[in-house]
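The chain contents come next:
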Amino acid sequence: DVKVTQSSRYLVKRTGEKVFLECVQDMDHENMFWYRQDPGLGLRLIYFSYDVKMKEKGDIPEGYSVSREKKERFSLILESASTNQTSMYLCASSRAGLHNEQFFGPGTRLTVL
Amino acid sequence: QQQVKQSPQSLIVQKGGIPIINCAYENTAFDYFPWYQQFPGKGPALLIAIRPDVSEKKEGRFTISFNKSAKQFSLHIMDSQPGDSATYFCAASIGTGTASKLTFGTGTRLQVTL
């Protein structure tokens, strides 16, 4: 059974803290994605990666960075968390190639106080 | 700038009814249109998808209708069941390199009552 796991289901951090969200997939997928999900806004792409050490900005990359040192792991980093980054964060992965299905993790609900 | 507009925001239907969720897009470069279904506490999962060279695709009780000239597509759920209660997202995709970027609609929360 294919699986995308995220390190935490719930996370509470303080303004200004550095936050790491981890995502691991066991499907040997080349592509990995980070989205944030907010009510009334749907899912918005933050960053994606199509290979180890490769990354591309999505639609809302400001305030975020990513790291992909191994094929199965994709990390989202909030260098200095702010209250407007309180959200649900979803990781996804897909095989290389166009229009392949994206498999999502269960999400991490991050609250920044 | 919302590239994929989805409506309605929420929908309540009785069991056996046919909920219809509509999406519209502006960018004619989109070339793949999937629908994702999300249950509470879970990540979205691919439900059904269509390419713009066909006007309809059916998988079980789920049907996508696609109107290329109007730049609109919709999801119909036949004989809806309480287990279909979920949030539905339409999306549109552009291929780039070896990955496809998905642009999602804002979501429709569907509730199917007994």
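Cut-offs applied
Residues numbered from 1 in each chain as written. Chains lettered and ligands numbered in written order. Predicted model: local features only at pLDDT ≥ 70, side-chain atom pairs only at ≥ 80, totals over all residues. Heavy atoms only, no water. Helix = DSSP H or I, 4+ residues; strand = E, 2+ residues; numbered from the N terminus. Rg over C-alpha atoms; globule rule 2.2 N^0.38 Å. Buried < 20%, exposed > 50% of the residue type's maximum accessible area, 1.4 Å probe, protein only. Areas by Shrake-Rupley, 256 points an atom, 1.4 Å probe, with all protein chains shown as cover. Lys, Arg positive; Asp, Glu negative; His and termini not counted. Charge placed at Lys NZ, Arg CZ, Asp CG, Glu CD. Disulfide = S-S within 2.5 Å.

**Q** Honestly, the overall build of chain A in this entry has me stumped. Any pointers?
**A** Counting its secondary structure elements, chain A contains zero helices and 11 strands. Taking 2.2 N^0.38 as the reference for a compact globule, 113 residues should give roughly 13 Å; the C-alpha atoms of chain A span a radius of gyration of 13 Å, in line with that estimate. Taken along the three principal axes of its C-alpha coordinates, chain A extends 40 × 25 × 25 Å. Burial status across chain A gives 49% buried among its 113 residues. For chain A, the exposed surface amounts to about 5400 Å²; the carbon and sulfur share of it is 49%. Separation of charge centres in chain A, based on 16 positive and 15 negative side chains, amounts to 5 Å.

**Q** What is the right way to look at the state of the cysteines in this model?
**A** Two cysteines whose sulfur atoms are joined by a covalent bond form what is called a disulfide. Tallied over the full model, the rule gives two disulfides over all chains. The disulfide that involves cysteine 23 of chain A links it to cysteine 91 of chain A, with 1.9 Å between the sulfurs. Between cysteine 23 of chain A and cysteine 91 of chain A, the disulfide has an S-S torsion of -75° and is therefore left-handed. Separated by 68 residues along the polypeptide, cysteine 23 of chain A in strand 3 (residues 19-25) and cysteine 91 of chain A in strand 9 (residues 87-94) bring together distant segments of the chain. The two residues cysteine 23 of chain A and cysteine 91 of chain A agree in class, both being buried. Between the sulfur atoms of cysteine 23 of chain B and its disulfide mate cysteine 90 of chain B the distance is 1.9 Å. Taking the sign of the torsion about the S-S bond as the criterion, the disulfide between cysteine 23 of chain B and cysteine 90 of chain B, at about -95°, is left-handed. Separated by 67 residues along the polypeptide, cysteine 23 of chain B in strand 3 (residues 20-25) and cysteine 90 of chain B in strand 9 (residues 86-96) bring together distant segments of the chain. For cysteine 90 of chain B, a relative accessible area of 0% translates into the label buried.

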